[in-house]
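As a plain string of letters, each chain reads:
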Amino acid sequence: MDINLIQEKIEHDLAGVVSGQDLEGLRLKYLGRKGLLAELTGAIPDLPIEQRGAFGREVNALKNRLLKAIEEKEKGLKAQDSISEEHHIDIGMPGIAQEMGRLHPITQIIDEICTIFSRMGFSVVEGPEVETEFNNFTGLNIPLEHPSRDAFDTFYLKKYSKLLLRSHTSPVQVRAMKAHKPPLAVIVPGRVYRPDAVDASHLFMFHQIEGFLVDTNITFSDLKGVLELFAKNIFGQDIKMRFRPHFFPFTEPSAEVDISCIICRGKGCSVCGRKGWLEILGSGMIHPNVFKHVGYDPKKYAGFAFGMGVERIAMLKYGINDIRLFFENDLRFLKQF
Amino acid sequence: MKVTYSWLKDFIDLKIPPQELAKKLTMAGLEVVSLEESAGDFVFDIEVTSNRPDWLSVLGVAGEIGAICGRKLKTANTKEQKLKSKKILPIEISVMDKKDCPFYSGRVICDVKVAPSSNMLKRRLELLGCRSVNNIVDITNYVLFESGQPLHAFDLDKLEGRQICVRRAKPNEKIITIDGQERSLGPEILVIADKDKPVAIAGIMGGRATEVTSRTRNILLESAVFNPTLIRRGRQKLGMQSESAYRFERGACLSSAINASLAAAELILKSASGRPCGYKTLGRSRLASRLINLDSAYAERVLGKEIPIIRIKQILSSLGCQVKFKTKNVLVIEIPDFRQDLKLPIDLVEEVARIYGYEEIPRTIPAVRPNDEILNTRDLVCSIKNTLCGLGLHEVITYGLAERSLFAKSGIKKDTGLVEILNPLSCEQEVLRPTLLASLIRCLAYNLDQQQEYVNIFEVGNIFSNIGNTVQEEPVLAIALCGVHSFLTKQGLIKDDISLLHLKGILEALFIKLGVNDFDFRQDDNQINIVLGQKQAGFMLDLTPQALSNFNIKNRQVFLAEINLKQLFACVDLNRKFLSLPRYPGISRDISFIIKQDVAVKDLLMTIEEQGAPLLHLARIKDYYQGKQIPSGFKGLTISCVYRLKERTLTDEEINPLHNTVCSLLQERFGIKLR
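It should be emphasised that the depicted structure is a prediction, and the values quoted were computed from it without experimental measurement.

So, how was this worked out
Residues numbered from 1 in each chain as written. Chains lettered and ligands numbered in written order. Predicted model: local features only at pLDDT ≥ 70, side-chain atom pairs only at ≥ 80, totals over all residues. Helix = DSSP H or I, 4+ residues; strand = E, 2+ residues; numbered from the N terminus. Rg over C-alpha atoms; globule rule 2.2 N^0.38 Å. Buried ≥ 20, exposed ≤ 12 C-beta atoms within 10 Å, placed from the backbone. Contact = placed C-beta atoms within 7 Å. Core = buried A, V, L, I, M, F, W, Y, C linked by C-beta atoms within 7 Å. Domains from an automatic or database assignment. Pairing = 2+ DSSP bridges. Axes fitted to C-alpha atoms, helices over the stretch in contact; angles between N-to-C directions. Nonpolar A, V, L, I, M, F, W, Y, C, P; charged D, E, K, R; others polar. Left-handed = near helix turned anticlockwise from the far one by under 90°. pLDDT = per-residue confidence, 0-100. Expected span 1.5 Å × (residues − 1).

With respect to the overall build of chain B
When you go through chain B residue by residue, the secondary structure sums to 19 helices and 32 strands. Computed over its C-alpha atoms, the radius of gyration of chain B comes to 40 Å, more than 25% above the 26 Å expected for a compact globule of 675 residues. In terms of overall dimensions, chain B has a C-alpha envelope of 135 × 60 × 50 Å along the principal axes. A buried classification covers 39% of the 675 residues belonging to chain B. The long-range share in chain B, meaning contacts at least 24 apart out of those at least 6 apart in sequence, stands at 68%.

Digging into the overall build of chain A
Along the backbone of chain A there are 12 helices and 10 strands. The C-alpha radius of gyration of chain A comes to 39 Å, more than 25% above the 20 Å expected for a compact globule of 337 residues. Overall, chain A is about 125 × 45 × 45 Å in size when its C-alpha atoms are taken along their principal axes. Residue pairs in contact within chain A that sit at least 24 positions apart in sequence constitute 64% of those at least 6 positions apart.

Comments concerning the nonpolar core
Ranked by size, the top nonpolar core spans 237 residues in total, and within it Ile479, Ala480 and Leu560 of chain B carry the most contacts. Residues Cys641, Ile655, Leu666 and Ile672 of chain B belong to the second largest nonpolar core, which totals 14 residues.

Topic: the domain arrangement of chain A
Each assigned domain of chain A is listed with its residue range as follows: domain 1 (3-86) and domain 2 (105-334). Here the C-alpha centre of domain 2 of chain A lies 82 Å away from the C-alpha centre of domain 1 of chain A.

Let's talk about the environment of Asn529 of chain B
Residue and element names in this part refer to chain B. With respect to the helices and strands, the residue Asn529 is situated in strand β26 (residues 528-532). In the structure, Asn529 is positioned 62 residues away from Ile591 in sequence and 30 Å away in space, judged by C-alpha atoms. If near-sequence neighbours (up to four positions away) are discounted, Asn529 is found in contact with Arg522, Asp524, Gln536 and Phe539.

Some thoughts on the sheet that holds strand β15 (residues 290-295) of chain B
For sheets, the rule is that strands pair by backbone hydrogen bonds, running either parallel or antiparallel. Residue and element names in this part refer to chain B. Within the open sheet, the 3 strands sit side by side as β15-β17-β16. Their pairing is antiparallel. This sheet does not close on itself; its edge strands, each paired only once, are β15 and β16 (322-325). Taken pair by pair, the neighbouring strands of this sheet meet at an average axis angle of 25°, ignoring direction. One ladder, built from 4 bridges, connects β16 with strand β17 (residues 330-335); its direction is antiparallel. Looking at β17, one finds that Lys324 is bridged to Val332.

Topic: the pairing of strand β25 (residues 519-523) of chain B
Residue and element names in this part refer to chain B. One ladder, built from 5 bridges, connects β25 with β26; its direction is antiparallel. Opposite Arg522, over in β26, you have Asn529 as the bridge partner. The turn joining β25 and β26, which pair antiparallel and follow one another in sequence, is formed by 4 residues.

Focus on the interface of chain A and chain B
Every contact between the two is made by 73 residues of chain A and, on the other side, 75 residues of chain B. The greatest single-element share of the side of chain A that touches chain B, amounting to 8 residues, is contributed by helix α8 (residues 220-235) of chain A. A breakdown of the residues in the side of chain A that touches chain B according to their chemical character gives 42 nonpolar, 13 polar and 18 charged.

Section: the pairing of strand β5 (residues 103-112) of chain B
Residues and elements named next belong to chain B. Here β5 lies mainly inside the structure; 8 of its 10 residues are buried. Inspection of the sheet shows β5 paired to strand β13 (residues 219-225) by 7 bridges, in the antiparallel sense. By the bridge assignment, Ile109 is partnered in β13 with Ile219. As judged from the 8 bridges shared by β5 and strand β14 (residues 273-283), these two strands associate in the antiparallel manner. Residue pairing across strands places Gly106 opposite Lys280, the latter belonging to β14.

Quick look at the domain arrangement of chain B
Often the size quoted for an interface is simply the accessible area lost on bringing the parts together. All names here are of chain B. Taken domain by domain, chain B consists of domain 1 (2-69), domain 2 (85-283), domain 3 (290-359), domain 4 (378-571) and domain 5 (587-674). Contacts between the two partners involve 14 residues from domain 1, matched on the other side by 11 residues from domain 2. Where the side of domain 1 that touches domain 2 is concerned, the elements lending two or more residues are β1 (2-4), β3 (41-47) and α3 (58-69). Residues belonging to the side of domain 1 that touches domain 2 are distributed by class as follows: 6 nonpolar, 5 polar and 3 charged.

Examining the packing of helix α5 (residues 135-147) of chain B against helix α8 (residues 254-271) of chain B
Residues and elements named next belong to chain B. Across the interface, α5 lies against α8 with an axial gap of 10 Å and an inter-helix angle of 140°. Helix-helix and strand crossings are classified by hand; for α5 and α8 the assignment is right-handed. The residues of α8 that touch α5, namely those facing Asn135, Ile136, Ile139, Thr140, Val143 and Ser147, are Ser256, Asn259, Ala260, Ala263, Ala264, Leu267, Ile268 and Ser271. Residue composition of the contact of α5 with α8, by class: 8 nonpolar, 6 polar and no charged.

Here we look at the confidence of the model for chain B
All names here are of chain B. Of the residues in chain B, 100% have a pLDDT of 70 or more, and the chain-wide mean is 94. Here strand β32 (residues 673-674) stands out as the element of chain B with the lowest mean pLDDT, 90, in contrast to strand β18 (residues 394-395), whose mean of 98 is the highest. Interface scoring of the predicted complex returns ipTM 0.90; its pTM is 0.87.

Remarks on the sheet that holds β14 of chain B
All names here are of chain B. Ordered in space as β6-β13-β5-β14, the 4 strands form an open sheet in which the pairing is antiparallel. Only two strands of the sheet have a single neighbouring strand rather than two, namely β6 (151-155) and β14. Sheet twist, expressed as the average angle between the axes of neighbouring strands with direction ignored, equals 20°. Bridge analysis of β6 against β13 gives 5 bridges, and the strand direction is antiparallel. From the neighbouring strand, Phe154 faces β13, where its bridge partner is Leu220. Along the sheet, α5 makes contact with β5, β6 and β13, crossing β6 at roughly 165°.

A look at unusual backbone geometry
With omega at -10°, the peptide bond leading from Glu252 of chain A into Pro253 of chain A counts as cis. Position of Pro253 of chain A relative to the elements: it lies in strand β8 (residues 251-260). Of note, the bond from Ala613 of chain B into Pro614 of chain B is cis; its omega dihedral lies within 30 degrees of zero at 0°. On the secondary structure map, Pro614 of chain B appears in the loop between α18 (601-612) and β30 (616-625). For Asn555 of chain B, which is not a glycine, the phi torsion comes out positive at approximately 55°. Secondary-structure assignment places Asn555 of chain B in the loop between α16 (545-550) and β28 (558-564).

Notes on the environment of Leu380 of chain B
Residues and elements named next belong to chain B. Of note, Leu380 is situated in helix α12 (residues 378-390). Along the sequence, Leu380 and Glu249 sit 131 residues apart, while their C-alpha atoms lie 48 Å from each other. Ignoring anything within four residues of it in the chain, the contact list for Leu380 reads Phe569 and Val572.

A word on α8 of chain B
All names here are of chain B. Taking 1.5 Å of rise per residue, 18 residues should cover 26 Å, and α8 covers 26 Å from first to last C-alpha, within 8% of that figure. Of all the positions in α8, only Ser256, Ala257, Asn259, Ala260, Ser261, Leu262, Ala263, Ala264, Ala265 and Ile268 are classed as buried. For α8, the secondary structure elements touched by its buried residues are β5, α5, β6, β13 and β14.

And the structure:
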């Protein structure tokens, strides 16, 4: 009988041992009175005399190895028992980790939008909340006494006749274009202020994101392409879009951008006012008068600009029905995002 | 602005149902915000942008439909009749300043029979939300809605001296308007006056004394063009709004003023009998024509789409322009006077694109060339916010405006004056905030009221102050902590009472993350100054009991910090340089002792570091305790000293005597008692 084969068989059997009971079975199988080793020892007298000595020594060695292996296995099993008793975990118990804080949902939407435009090569620029009347109005081709200003009711500062709280992020267009020569691809997030009575959809402070691109060859079709890319990124690839003619003093041609209602998918519901469309953006080609104000040659350069309300987009995306929730800062609200 | 389907049909053959028409109008820039069926008719409510006063009329909308659908308008062409001089009843009209009133016309109609209007007229007006008064007043309103030109009818016999004078009101002059209100006027208000007194607020509302009533026999019909800015200022000043003012402040047009007077006269003669007794005008009767050249290549360059020049010509013609070829590629366009908004070639490009259809213009992606001059701090702000969130804090956003009293309540001192708002709608919009902390306290108190046990919030925003004669606006970071932080560990629930040290820990972690190397916290009178690069950049404090009670916060402490971000950014260093890891192990020795409360641990550590140098690598506070085993007035501390050299392993024989001298020195100098 081949001792090596027996050794392999023993190792295989040992590997399968997971309990004391298994181990006892294995011991009996090999070392018991009628075990394999006893059988081998019993076979010695039948061997030719010159082989007996060597075979006997091999069997003995095998027996010693086996005894040692069993002893080790026994230790291992005992240790295992004690560990699993002490470390028994009910996985239904709460996990242990430090609680993370959250970014405000408005910050999250701003980050998401800025990231989309950054990937397209736009740089983030910010501007002050206290602005000059020129940057907020005149520089943007908004006459001071004209009904087009009704859309931009504005807080003025006491003691400073020409200073106001910006009523949109567009003044940063004027600032950025005065500071830099084209090409210019800029995205501007920020707070804006308008004297509005507070209700579920109006506040006197909210956030806007402005974007503009100026170069020698920018077209209205580029505006459409870029805004479609943006809207599909933020609202999903399956939305539909439409560009409606509109009027903004600082763009010409101007367009309002609607997306198919993300709630009813265009069928008409209370969120979209049964129209099937949601207005999300104002946009257009930068007016030649704006270029003149910042010292760009309107014959040489063209550009588009767009602006959107961040709260509106957040409300649509998250299904929030009251704008005041954003600034109440209830932790139960903030922790949902 | 409202128009009805049936009224539009007076001027244009409509072959499409109202719903489809609404869609077409919306996509041409006249957004139909509602379409309602009413008494067999359809009422379109259209949002008219402020650049298009010509759309504030049935005729204007019909004209637009004509351009969209490629149809001609059906318009009557009435001519002014010449009257024999003996039939004319003389009136005197004067305009003080042509800038205030570039055109004024008065038409006299005698022997009218004032009566209720016809049902058709009444119904049309009522569908647009206009109350019927009598046939004369209704006709002026009817023509206003149809043509967009506001008209006014006076009872001629009540005009003192049969005189009309268009002039500025005198100081403290008064008028009772047709709504029964007495209005106080002044030189910034334009009025229509007779010999003695104002009889109407020009372009805004007529006066009660001269209104047309059932007893009126002779009327004066006014049709004029007023200075839009003057009308706008006047109605703002008086706090009034009317259909008439709404149109005048957007700009009336001369040809409409002339046509509307004629159309109204015709209706009056037809339905209220009467006879024409004269027509008098002042001011320009024709405007010089305006010409704009448009190159089809320019349109293509703007739109990114080639539109055939023939199509461009046809679109502009359909909008009422006279269009001729100047060269093969350039058109010369004569702008009609009702399109004051068309000033530049770009305005014509928009008109072409609008009627051609924005949807027909392709979508392309431009090659964006980024401008590498532009630097910003937004990434740093993001990094700060993310670090704080990682430390468990929640970001809040509060209003940049607040009521003055909020800052007094918080007791947080700011030396510089508050920046005040000129026109707040309510007290919560009174001032620009000089600190974020007051809003954070309010937010924290609100959350405590919602049964939050632990509030840990931060905000990044701008604060405002008066410095000299300018407004200074600076970004700051503010943090507010309060309550008991309970969390599970393997040993069970731990309740951690939030303290100023928690706030310090958050700031330290933030500074280290931003690579700010030189920072310190220094005790001042009522606050702890945060010192960055040896300059004060902010402060920490716990809120006074008075302020706590002002915000109704009970049995809790509130910990606050505010840091100037410009100063913080100046100290940021995001470069990192690798330091090789120690090759030889250090030897660590702990000292456990009790010490008087008032000994500053900063001094203690400094002494250890001085004495232990150069073998001492680091000394830090490993544990501290107060409680039963510690006598009152004392605190227990364990300081861990790590001795290490870069070049070799240190031996106990080297360390023991050194460590002993450190301990002795502490006993000597600070009176520590080893435990």
